[in-house]
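What the coordinates show
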Amino acid sequence: MNMATQSELYAAILARRSVRRYERTPLAADELARVREIAASTAPLIPTNRLVVLMRDVQPDERLVETLGAYGRLVTPPHYLVPYIVGERHPLTDLGYRVEQIVVRLTMMGLGTCYIGALSREDAVRERFALPATARVGALLILGRPAVAWGGRAFNAAMRRAAGATNKLPAERIFFQDTFDAPATPPADLAHIIEAARQAPSAVNAQPWRFLWRSGQLYLFVTRRNPRYVGAGSDLYRLYDGGICMGNVALALEALGRPGQWELIEETEPGIPAHPPDLQPLARLSLR
């Protein structure tokens, strides 16, 4: 990856915003081919998990938001993806990690996207799209060209404000050093990585991630309970959203030319740093 592309990748991580209003015109055949290529080339967290991404055109009578019980409105979206994963180890985290890679690279193409959460209605989604019984579906992904007229831009901005998506927690609220005794300001060599993490999307902007920097490793924890997650099974969004955040960090490392690899961790394994009971350890990142 050349320097210009690296810069564009990091800029896309920071610039990506949820889009709810789209141009009606479908994407061209070569653009759709590029979307499929991006979807097929994501890096996994668990290589034995199997990711499948279905692409669909939105039909005139299709009401995706209402069907999935999600909030807000979608206006004239032309296409959507149904990404699902089959596997036994950390499927939701792996799924979020891979889908966010798709989202950021679509942003680099100039396309808009919107996650439409599906965890509270997974059975209905599996039935609707004839998915395997063991498939996990964190969200559908809407895509197309963002509406560029003033009314479309204003609508998208208003929807982001209504969802609270413009209110990102400052780094000093989500980053800790050595212990969880008190939050801290990230050191300079971590600032760009934590900023990429801050900008990650999450269901109802819950932002469940907390980071602990200790002995050259960055630990990711997620909040076990979050009042913003509402509905049966919605607390599992912490795992999916944690994967999305990890995806942003991995892409930031790629853009910055820094080596580093996420490793998912089990809560019962030894050596996990002491942490508050309301936090669940999810992964650690070794940086060199």
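Everything discussed here concerns the structure shown above.
Residues numbered from 1 in each chain as written. Predicted model: local features only at pLDDT ≥ 70, side-chain atom pairs only at ≥ 80, totals over all residues. Heavy atoms only, no water.

1. Points about the sheet that holds strand E2 (residues 79–86)
A sheet is described by the order of its strands in space; here 4 strands give the open sequence E1-E2-E4-E3, paired in antiparallel fashion. Two strands bound the open sheet, and with one partner strand each, they are strand E1 (50–57) and strand E3 (112–117). This sheet shows a mean twist of 25 degrees between the axes of neighbouring strands, independent of strand direction. Pairing of E3 with strand E4 (residues 139–144) involves 6 bridges; the strand directions are antiparallel. Residue pairing across strands places Tyr115 opposite Leu141, the latter belonging to E4. (Pairing = 2+ DSSP bridges. Helix = DSSP H or I, 4+ residues; strand = E, 2+ residues; numbered from the N terminus. Axes fitted to C-alpha atoms, helices over the stretch in contact; angles between N-to-C directions.)

2. What about the environment of Leu54?
Note on placement: Leu54 falls in strand E1. Not counting residues within four places of it along the chain, the set of residues in contact with Leu54 comprises Tyr80, Leu81, Val82, Tyr84, Phe129 and Leu131. (Contact = heavy atoms within 4.5 Å.)

3. Overview of the packing of helix H8 (residues 188–198) against helix H9 (residues 237–256)
H9 packs onto H8 with a crossing angle of 140 degrees between their chain directions and a minimal axis gap of 8 Å. Along this stretch, H8 crosses H9, giving a crossing that reads as right-handed. Side by side, H8 and H9 meet where His192, Ile193, Ala196 and Ala197 of the first sit next to Cys245, Asn248, Val249, Ala252, Leu253 and Leu256 of the second. Residue classes in the contact of H8 with H9 are distributed as 8 nonpolar, 2 polar and no charged. (Left-handed = near helix turned anticlockwise from the far one by under 90°. Nonpolar A, V, L, I, M, F, W, Y, C, P; charged D, E, K, R; others polar.)

4. What about the state of the cysteines?
For the structure on display, the rule yields 0 disulfides. Cys245 provides the cysteine sulfur closest to Cys114, a residue in no disulfide bond, and the two sulfurs are 19 Å apart. Judged by its relative accessible area of 0%, Cys114 is buried. (Disulfide = S-S within 2.5 Å. Buried < 20%, exposed > 50% of the residue type's maximum accessible area, 1.4 Å probe, protein only.)

5. What about H9?
The terminal C-alpha atoms of H9, which comprises 20 residues, lie 28 Å apart, in line with the 28 Å expected from a rise of 1.5 Å per residue. Here H9 lies mainly inside the structure; 18 of its 20 residues are buried. Positive backbone phi, approximately 70 degrees, marks Gly257, located one or two places after H9. (Expected span 1.5 Å × (residues − 1).)

6. Side note on the pattern of salt bridges
Scanning the entire structure with this criterion turns up 13 salt bridges. The partner of Arg34 in a salt bridge is Glu37, and the shortest N-O contact between them spans 2.9 Å. Here the residue Arg34 and the residue Glu37 both occupy positions in helix H2 (residues 29–40), the gap between them amounting to 3 residues, near one helical turn. The exposure class assigned to Arg34 is partly exposed, which follows from its relative accessible area of 34%. Among the ionic pairs, Glu267 bridges to Arg224, the shortest N-O distance being 2.2 Å. Taken as a pair, Glu267 in the loop between strand E8 (260–264) and strand E9 (279–287) and Arg224 in the loop between strand E7 (217–223) and H9 lie far apart in primary sequence, 43 residues in all. Taking the relative accessible area as the measure of exposure, Glu267 reaches 39% and is therefore partly exposed. For Arg224, a relative accessible area of 23% gives the class partly exposed. (Salt bridge = Lys/Arg side-chain N within 4 Å of Asp/Glu carboxyl O.)

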